[in-house]
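Breakdown of the fold
So you can see what is in the structure, the chains are spelled out below.
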Amino acid sequence: MDGVSLNTDPVVDDDADADEFEIEGDCGMAKCISQSGVIQGENPLPPVVGMEFDSYEDVYYFYNCYAKEQGFGVRVSNTWYRKTKERYRGKLSCSSAGFKKKSEANRPRPETRTGCPAMIKFRLMENKRWRIIEVELDHNHLISAVSGKFYKSHKQLGIGTKRALHLDSAEEVQKVRLFRTVVIDVEGNGSVEVSSGEFRSSHNQTSQLRLKDGDAQAIHNYFSHLQLIDPNFFYVVDLNEKGCLRNLFWSNTRSRVAYGYFGDVVAVDTICLTDKYQVPLVSFIGVNHHGQSVLLGCGLLAGDTIEACTWLFRAWLTCMLGRPPQVIITDQCRTLQAAVADVFPRAFHCLCLPRIMQKVPEKLGGLYEYESIRMALNNAVYYSLRPEEFEATWEDMIHHYGLRNHVWLQMLYEDRRQWVPVYLKEIFLAGMLLTRPNEVVESFFDGYLDKHTSLKEFLHKYDQALQANHQLEVLADMESRNSGFMLQSRCYFELQLAKLYTNNILRKFEREVEGMYSCFCTRQINGEGEVITYMVREQIEVDGNRRECRDFEVLYNATEMEVLCVCGLFNFRGYLCRHALSVLHQNGIEEIPPQYVVSRWRKDIKRSYVLNHSNGGIDINNPVHRYDHLYKCIMQVVEEGRKSEVHYKDTVQALDQILRKLNLVEGRL
């Protein structure tokens, strides 16, 4: 797996400093390992560049747990020291790394090493935390989890910190695997000034979650239950210096697998923080092949600070194996903007347009001529076709109404490239950034969570929300696969996509097909070279009660079969607009070019919500390994069995036969 940094700080290799020296071998760990411990935890994640730990020993513990699960041993290859005898760098390798020195003994021991390249390198950073800076996961020899228990390193337990919920008995520890991931913390970023209504960056509110009586037990019970029914359930706990719960993140298997299909554009819903709900919930949301919201993870934050948001984003990114989204959408908030820039430096950061426009009455409602200002703002934001047109309209509004010194409008203009549609036309947004007037963003947990919902009540309703969402997707899958879409026209574009796309997306595309016939004038205005420019005139509705004619410029390249409209609908929504369709139609094109048929909307792609990142080998003597493996197998059977009535009947019959056979075996024992 490619290493993806969870931090943006540069990694500097200063091995050549005169004040430092290197020691090879295991001496760096010899004094720090208990000789009697046995590793009990299990960590499903591979090491990733950028992971940080509190201590040298924590790195060893983490890598040793990973090695035990994969089926190889660990040894300390190198440890670098300064002249002050302070460790500042280390390298852990597979126990098969390198080769032994040749022995002159009469009966030398056989060679057991293979020169294996698998290793991690890590170093002490300025924040006094240890960061992984280089990773090699591939081995040049066979590994198997069954053989992991025979390695010497697995008989030793480092003193690495486990961020786990405390259970009452050793028996419970055996039932529920609580060591799920490394500790994820952030550096102190100080405080920033934000306007009223935004997140505050103060340390007096970040000490711990404000839990009521029974909330902690409810979290413990719920997470323990989820781990038993979902072997790949993932969570990270952030504790303060007193051991109290501060921040929390979790994600189930379905969410983690869904991210692999629909992780190109992700929205972060922080409405519960901004509106001060009892449950300080932050949700990561994507959109599936039906255009429906899909949950990609949840978190609870003790405070709405840069530190808390950065911790949560890093926890989520670690859960998703270090793969950042292409686009991330948040509310306009300096706290969120700083955290996104830190954790997702390569993702395009958009600000949620509907949430910004919802603030207009609050921010501008007291101004003289408010209604005229609101209409001028709407006109600039929603109906500008080019950046220069937006900026000219904005300047006219500012000048005409004397708004030059309005702080909120100044901040909006500074961030315009992140929320105004004319600046976002080259970014694929999969319909997640709503760009039309009066569109409202709905929360994933609408109907299940409001300002007065308690944490215990939310945890009770959480599964209901997920099941309802899952059921909607299953019903939409069945409708798209088993029932024909009722076409409103015989347009060949619609006929083409009806064979490929899900019904929900087809209904949205159908509006563009219908609108194609309202484009009453399509004329060529420039025909030089391969690219031909067309002007498509359409009568559009403005402010809900007024209609006006607008000209939309469309570029068409017949050689490359490319079509580009100034309205930018394809990147906004994921299907061609009426203006582009009009130009294709005028040129006698009977099918939408393949580059405009988006695979994420297709109904014929097999999507299985079974997470599979194991190495294929299990320890059949370990009941947890047996459970994990059987769970993954049976979920594949369930996915196949639900596809049709015939599959369902065959699946039930086969499962009955398996149960009868197992009962007979149990009776003979």
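Our structure's up above, just so we're on the same page.
Bear in mind the structure is a predicted one, so any value in this text is a computation, not a measurement.

Regarding its fold elements, the protein chain presents 20 helices and 17 strands. The buried share of the protein chain, taken over its 669 residues, is 52%. Partitioning the contacts of the protein chain with sequence separation of at least 6, the portion at a separation of at least 24 is 66%. Total accessible area on the protein chain is roughly 32,900 Å²; 51% of this is exposed by carbon and sulfur atoms.

A few words on the nonpolar core. The biggest cluster of nonpolar side chains holds 81 residues, and the ones touching the most others in it are Ile329, Trp419, Tyr501, Leu576 and Ile592. In contact with Tyr501, not counting residues within four places along its chain, are Leu506, Gly574, Tyr596, Val597, Val598, Trp601, Arg602 and Lys603. One finds Val294, Met320, Ile328 and Tyr609 within the second-largest nonpolar core, a separate group that totals 35 residues.

Moving on to the environment of Tyr60. Mapped onto the elements of the fold, Tyr60 is located in helix 2 (residues 56-70). With relative accessibility at 4%, the residue Tyr60 sits in the buried group. Put simply, Tyr60 and Leu92 are 32 residues apart on the chain and 7.5 Å apart in space, counted from C-alpha to C-alpha.

Time to look at empty space enclosed by the protein. According to the stated counting rule, one finds five cavities of 30 Å³ or more in the structure shown. Here the largest cavity defines a volume of roughly 120 Å³. As for the largest cavity, its lining consists of 16 residues, and the residues nearest its centre are Asp477, Arg481, Arg607, Glu639 and Arg642. For the lining of the largest cavity, the secondary structure elements donating two or more residues are helix 14 (455-482) and helix 19 (623-641). In terms of residue count, helix 14 provides more of the lining of the largest cavity than any other element does, five residues in total. Residue composition of the lining of the largest cavity, by class: three nonpolar, three polar and 10 charged.

Criteria and thresholds
Residues numbered from 1 in each chain as written. Predicted model: local features only at pLDDT ≥ 70, side-chain atom pairs only at ≥ 80, totals over all residues. Heavy atoms only, no water. Helix = DSSP H or I, 4+ residues; strand = E, 2+ residues; numbered from the N terminus. Buried < 20%, exposed > 50% of the residue type's maximum accessible area, 1.4 Å probe, protein only. Contact = heavy atoms within 4.5 Å. Areas by Shrake-Rupley, 256 points an atom, 1.4 Å probe, with all protein chains shown as cover. Core = buried A, V, L, I, M, F, W, Y, C linked by side-chain atoms within 4.5 Å. 1 Å grid on protein atoms, 1.4 Å probe; cavity = no way out; pocket = protein on both sides within 12 Å on 5 of 7 lines; lining within 4 Å. Points joined across faces, edges and corners; volume = space filled by probe spheres on them. Nonpolar A, V, L, I, M, F, W, Y, C, P; charged D, E, K, R; others polar.

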